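Report on the structure
So the chains spell out like this:
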Amino acid sequence: MKKAPLIAAAIVVVMLAAFPFLSPEVYYLSFMFSVFMYVILASSWNLIGGYAGYLSFGHAAFFGIGAFATAKMAALFELPPVLTILAAIPAGAIAALVAIVIGYPCLKIRGPYFAVVTLCFAFVVDLAVKNIEWLGGAEGIWMRIMDVQEKLSRSIMYEVMLILMVATLAVAWWVGRSRLGAGLRAVRADEEVAETMAIPTANIKIQAFVLSAFFPGVAGGLFAYYLTYIHPDVVFSINISILIVLMAMFGGGGTWLGPIIGAVILTMVNEGLSTFARAEIARIIYGTLFIVVTIFMPDGILHFFLKRNRGR
Amino acid sequence: MLTGKKITKRFGGLTALSEVDFEVRRGEIVGLIGPNGSGKTTLFNVISGIHRPEGGDLFFAGRRITDFPPYKRAQLGIGRTFQIVRPLAGLNLVENVATGVLYGRKQGAGAREAREKALEILAFTGLTEKARRFPDELVLEDRKRLEIARALALNPEVLLLDEVFAGLNPTEIGSAIELTFRIRDAYGTTIFMIEHVMKAIMSTCSRIMVLNFGIKITEGTPEEVANHPEVISAYLGAAYAAC
C-alpha cells in the first residue's frame, strides 16, 4: 500500500472514532452504526460475490446466525452485557462454520443456480430457527441491556462496530492484493481456465465464502445486542440479503472501494428519504434509483467513473 | 515423460477416443493432427484434466495422474492453451500472466516478483507494448500469444498448444513457428501441439501422431506421416490413397 492512501484512511478512522466524543445526538450515532454495519456486510459479500463472481443472495442467513448465536450464548452463560459484545466473535465463527458446510456443495453450482440455492438456504435457516423452541422460536430472544445511559451505550456500540468495520476492510484490502484475490478474479473470469492455471478453485472459493460469512456473523451479533431483542423476521429478512447485493453492485463489485461507496450512499439515501419524504414515495424513489444505476452503470458507480477517466 | 495408455473417452454413445496410446519424451516437439472431430482437443482435455477418461491411464514424470484434478496437473507442470482463446476478461495482460506465476510451479513468489516475471514472459512473447492493455483490445495474433504467455507463466514442463497457428496469416505463422522453437530452447519446455497448418507442423515437429475417429492411425516423422496411405485417405478420401 502506498503511503498517502494509508495515511488518508488512518485520518478518516481517527475522525470517525472521535465523533462520539463531540457528544452528538443519539440519532447520529445510530445512523452511523447502521452505515458501518452495511459497509461490513457489503464488503464481506464482495469477497465471494464481487471477486469470485458467485452472487450469494442468502447472506442475511450468516448475519442472522451470528445474531442468534450471540443471543443464545449470552442467555446460556448468563454473560454480563459487556462480555456479550465479545460473544459476537465466536458467533461469527459459527456463521463461518455453517459457510463451510453450505459452501462445500453449493459452490460447485455456478451462475444463477448458485444465487437461487443461497436464497433457498436463507429461507431454510429462517424457517428452522422459527421452529426451534430452544432458539426462542417465533417469539425471538430478549437480551440484557447495558446498565448505563443510552448515549454511553450507543457510543460504545458505535466504537465496537467501527472496529469491526476497520477489521473487515483491512481483510478485504489484503484479499484484493493477495494471491487469493488473484485466484478469485481468475475464477470469476473463467473457472475452467483458472483450473488449468494451477488454481485450486474449489479450495479458494470456500476460503472466500468463509471469510465473507464470518464478518456478517460478528456484525449480526453486535446488531442483536444493539437491538436487545431479536426476531427471525428481522435478522433473516430477505430485504437484508438483497440490500447487501445491491449495495456492493451499486458501488462496484470486485473492487475494495465499491461496496463502501455503495453502502454509504444507499444507507444515506434510504435514511434521508424516510426522513424527508413519505414512506411510499421514499420506496418509489429508492427503486427508481436502482433501475437508473443498473441501466446506465451496470458495473457500478466506481467503474463508471474509472472508465470515464481512462477514456475507455 | 507424458504417457497415455489405452485412453478411452465417450460422450454418451459417441466414442471420442478409443484406446489411444501416446508418449511425449522430454525436449521433444510432438505434433497431433487429424481431421475435424477426430478427438484431438478431447485428448488435450483428458490430459489437462477437464475430461475424465472412461478407460486408460495417464502418467506424468513417473506418476499416475489419471485421478488428479486439473489444477494439480497444472501444478505438476502441464500447461495448456485453448483453441478458442480464453483470456481472463477484465484483467490486463500483466494481471493475466501474473496470476499464472502466483499459482504456478515455482510458488512463493510475492505480488511484485510475479509482476516482474509476468513482464519478462510478455517480453518473451512479444507483448511488452501491450502489457497494460486488456485482452478484448488485442488482435487475434496477440491473443494467441497471450494464451501462450499465460501457459508459460506456470513454468510448465510440457506445454499443450491447441491450434495456436489457426487463423493467422503466413507472416504471423512464421513468427509463431519461431516462438515455438524459442519456448523449447529458452525454457526447456517439451511441446505437444495440435495443428492444421501443415507448414507449421512439418517444420517444427520431430514426430507426429495422427488421430482419425478417435483412433490413432499412425505415428512417425513428418515425411513418414505425410506419405502414409491411411493419413491420405483420412484427409482426402480413399481414392487418393491408392494413387
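Residues numbered from 1 in each chain as written. Chains lettered and ligands numbered in written order. Predicted model: local features only at pLDDT ≥ 70, side-chain atom pairs only at ≥ 80, totals over all residues.

Here we come to the nonpolar core. Core analysis: the largest hydrophobic core is formed by 157 residues, its most contacted members being Ala95(A), Ala219(A), Leu222(A) and Val97(B). Mapping this core onto the domain boundaries places at least three of its residues in each of domain 1 (1-77 + 156-243) and domain 2 (85-155) of chain B. (Core = buried A, V, L, I, M, F, W, Y, C linked by C-beta atoms within 7 Å. Buried ≥ 20, exposed ≤ 12 C-beta atoms within 10 Å, placed from the backbone. Domains from an automatic or database assignment.)

Residues and elements named next belong to chain B. Spatial ordering of the open sheet is given by S2-S1-S4-S5, a layout of 4 strands whose pairing is antiparallel. Unpaired on one side and paired on the other, strand S2 (14-24) and strand S5 (63-64) mark the two borders of the sheet. Sheet topology places strand S4 (residues 55-60) next to S5; 2 bridges connect them, and they run antiparallel. Within S5, the residue paired with Phe60 across the bridge is Arg63. (Pairing = 2+ DSSP bridges. Helix = DSSP H or I, 4+ residues; strand = E, 2+ residues; numbered from the N terminus.)

With that settled, consider the packing of helix H7 (residues 179-189) of chain A against helix H3 (residues 93-103) of chain B. Helix-helix packing: each pair is described by the crossing angle between the helix axes and the interaxial distance. Contact pair H7(A) / H3(B): the axes reach a minimum separation of 10 Å and the direction vectors enclose 125 degrees. Comparing their axes, H3(B) and H7(A) come out oblique. The chirality of how H7(A) crosses H3(B) is left-handed. From H7(A), Arg179(A), Ala182(A), Gly183(A) and Ala186(A) reach across to H3(B), where they touch Ala98(B), Thr99(B), Leu102(B) and Tyr103(B). Classifying every residue of the contact of H7(A) with H3(B) gives 5 nonpolar, 2 polar and 1 charged. (Axes fitted to C-alpha atoms, helices over the stretch in contact; angles between N-to-C directions. Parallel < 35°, antiparallel > 145°, perpendicular 65-115°, else oblique. Left-handed = near helix turned anticlockwise from the far one by under 90°. Contact = placed C-beta atoms within 7 Å. Nonpolar A, V, L, I, M, F, W, Y, C, P; charged D, E, K, R; others polar.)

Of the residues lining the interface, 21 residues belong to chain B; the matching set on chain A comes to 17 residues. Counting only elements with at least two residues in the side of chain B that touches chain A, the list comes to helix H2 (70-76) and H3 of chain B. With 5 residues, the top contributor of residues to the side of chain B that touches chain A is H3(B).

Next up on the list: the environment of Ile48(A). Residues and elements named next belong to chain A. Along the chain, Ile48 falls in helix H2 (residues 26-51). On the basis of neighbour count, Ile48 is assigned to the buried category, with 28 C-beta atoms found within 10 Å. Along the backbone, Ile48 and Val26 are 22 residues apart, and their C-alpha atoms lie at a distance of 34 Å. The contacts of Ile48, once residues within four sequence positions are left out, are Tyr54, Ser56, Ala208, Phe209 and Ser212.

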